[in-house]
Amino acid sequence: MGTTTLQENKMGVMPVGKLMINMALPMIISMLVQALYNVVDSIYVAQVSESAVTALSLAFPVQNLQIGFATGIGVGVNSLLSKSLGQKNQEEANRAAGNGIVLMAIVTVLFMLFGIFGVRPYYEMQSTVTETVEGGIAYTRICCVVTVGIFMEILGERLLQSTGRTIYTMITQSTGAIINIILDPILIFGWLGFPRMGVAGAAAATVFGQCVAAIMALYFNHKYNPEVQFAKKYLKLEKRTVFNIMTVGFPSIVMNGIGSVMNFGMNQILQGFTETATSVFGIYFKLQSFFFMPLFGINNATISIIAYNYGAQKPKRITGTLKIACAGALALMMTGFLVFQFAPDLLLGLFNPSPTFLQIGRSALRIISWSFPIAAICIALSASFQALGNGSYSTIVSLCRQMLVLLPVAYLLSLTGEVNNVWLSYPIAEIVSGAATLFFFRRIYRQKIQPLFEK
């Protein structure tokens, strides 16, 4: 496809309120469907055994790291491509897309190698329960060896988001999730003549849905995204382009990596009490995704809009976008807070809980959800850090939230001998990260947004 003259993208002219709805709503819907299939996985696996649920809980850090690398590279490509389109720099936009494909391919190979050689040592260092270890190895190995689906799906969706075509990302994510939901019981329990695969069936359903979504995302980019122009010459890694992608993307990778370390650390702390506590922690993460994944949908839309309008030198659209993002994020997370406060038994009842599981889970959901309103503002404002090229601020905030504060506080509270005290580490860590977010936002506003108004 040849180089074409770029017309003004809707991200630079559409009213900000309408644009946020236009951009974020499809992503929120698709993220909700993603959250649904994560929960459905655990609902079906919970019918197998509590050890099977623990196996999925222990797999979460690896899956989170996969998504972290994919999302990090994707958001770096997204930001650079949106900024380049805002500046009417088609060549740089094309290089961003091409170099993103190569970076995704490299990381895909690394995760495949881990799936082959690293999964067994990973599980054997965490549990001595045979069913947990063998089930977890089967599940995680499939997810890693066939990791190409999630990496190509996320890259394709980020390319569509960067040009404002979020309706297609909703279609791809929703299709992949629906396929997963349909295949889960068929492969886990051996319905319709298929062999009973147990926990491995949940992994097989997941990767099949991801591969279908990846194929669809690539097709939509080829067919309906003319602002992203693919050619062989753009597949050659260029130092400056890779640097620009990773300047924004690396902090996202680090943040998800920190999340994986946090999950691993919390699993070890909770295993000191009982495997049931570890299972509860895994289920909490599945349930909170109903609110955090749409929140990241708002975040992704905000990054694209701010990056485009920063490149186009339109500061009023930047601040207007941030105000709407904060309001929407707070409304969403307050809903999550109320649901977790008043309906924990209803939520936990989906997972075939034992009395002990229900007792621990009820306290976990109620205590941790006090951090939700603060997290809403932090995540909404952090979109400006990544969109304006200061992703290191997001890294520092995430370090405060998930490692420098959360894990030490959780460990100290575990020394009381009461597992429910461990959950208090979440609101404590969120208060610290909230203070850091406000400090950094004030700084980036003065350095990058305010000068645009003065011009």
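Residues numbered from 1 in each chain as written. Predicted model: local features only at pLDDT ≥ 70, side-chain atom pairs only at ≥ 80, totals over all residues. Heavy atoms only, no water.

**With respect to the side chain of S394**
To be explicit about the condition: Each helix is a run of H or I in the DSSP string that is no shorter than four residues. Each strand is a run of E no shorter than two, and both are numbered from the N terminus. Between buried and exposed lies partly exposed: a residue is buried under 20% and exposed over 50% of the maximum accessible area for its type, with that area taken using a 1.4 Å probe on protein chains only.
Checked against the element boundaries, S394 lands in helix 15 (residues 391-404). The buried category is assigned to S394, whose relative accessible area is 2%.

**A look at unusual backbone geometry**
A positive phi angle, near 60°, is found at K88, a position not held by glycine. In this structure, K88 sits in the loop between helix 2 (50-86) and helix 3 (90-117). Look at K88 and you get partly exposed, because its relative accessible area is 38%.

**With respect to the packing of aromatic side chains**
The condition is simple: Classification of ring pairs rests on two measures: the distance between centres of Phe, Tyr or Trp rings, Trp counted by its six-membered ring, which must be within 6.5 Å, and the angle between planes, read as stacked under 30 degrees, edge-to-face over 60 and tilted in between.
Counted according to the given criterion, the structure contains 26 aromatic pairs. Between the aromatic rings of F60 and F285, the centroid separation amounts to 5.0 Å while the plane-to-plane angle is 45°, which identifies the pairing as tilted. Residue F60 is found in helix 2, and its partner F285 is found in helix 10 (residues 275-311); the two are separated by 225 residues along the sequence. Site record: aromatic cluster; members linked through ring pairs are F60, F281, Y284, F285, F291, F292, F340, F372, W423 and Y426.

**Things to note about the layout of surface pockets**
As a reminder of what qualifies: Cavity and pocket criteria rest on a 1 Å grid covering protein atoms alone: a 1.4 Å probe that fits but cannot get out defines a cavity, protein on both sides within 12 Å along at least 5 of 7 lines defines an open pocket, and an atom within 4 Å of a point defines a lining residue. Grid points are joined across faces, edges and corners, and a volume is the space filled by probe spheres set on the points. Gly counts as polar in this scheme, as do all residues outside two lists: the nonpolar Ala, Val, Leu, Ile, Met, Phe, Trp, Tyr, Cys and Pro, and the charged Asp, Glu, Lys and Arg.
What the largest pocket holds in volume is close to 230 Å³. The wall of the largest pocket is formed by 16 residues, among which L80, K83, N244, V248 and G389 lie closest to the centre. For the lining of the largest pocket, the elements supplying multiple residues, two or more each, are helix 2, helix 9 (239-271) and helix 14 (372-387). Take the lining of the largest pocket: its biggest share by element is four residues, from helix 2. Partitioning the lining of the largest pocket into residue classes produces five nonpolar, eight polar and three charged.

**Describing the nonpolar core**
To keep it simple, the criterion reads: Among buried residues, the Ala, Val, Leu, Ile, Met, Phe, Trp, Tyr and Cys ones that are joined through side-chain atoms within 4.5 Å form a nonpolar core. In what follows, a contact means two residues having at least one pair of non-hydrogen atoms within 4.5 Å.
Judged by nonpolar contacts, the single largest core of 99 residues is most densely connected at M266 and W423. Residue contributions to this core peak at 17 residues, all from helix 10. When near neighbours in sequence (up to four residues on either side) are disregarded, M266 contacts F281, L407, A410, V422, W423 and Y426. Core analysis: the second largest hydrophobic core is formed by 25 residues, V77, L80, L155 and L159 among them.

**Overview of the pattern of salt bridges**
Note the following rule: Within this document, salt bridges are pairs made up of a side-chain nitrogen of Lys or Arg and a carboxyl oxygen of Asp or Glu, the two lying within 4 Å of each other.
According to the stated counting rule, one finds nine salt bridges in the structure shown. Salt bridges sharing partners connect three or more residues here, namely E91, E92, R95, E238 and R240.

**Quick notes on a nonpolar patch on the surface**
Inclusion rule: Grouping into patches uses exposed residues only, defined as over 30% relative accessible area, and leaves out salt-bridged ones; the cut-off is 9 Å for like charges and 5 Å for nonpolar side chains (Val, Leu, Ile, Met, Phe, Trp, Tyr). Per-residue accessibility takes into account occlusion by the displayed protein chains alone, with areas from the Shrake-Rupley method and a 1.4 Å probe.
A grouping of I106, V109, L110, M112, L113, I116, F117, V145 and L237 is seen on the molecular surface, where their side chains present a nonpolar patch of about 800 Å² in accessible area. Here the nonpolar patch takes seven residues from helix 3, the largest share from any one element. Examined against the element boundaries, I106 turns out to sit in helix 3. By relative accessible area, which is 44% here, I106 ends up partly exposed.

Everything listed here is a matter of geometry and, on its own, says nothing about what the molecule does.
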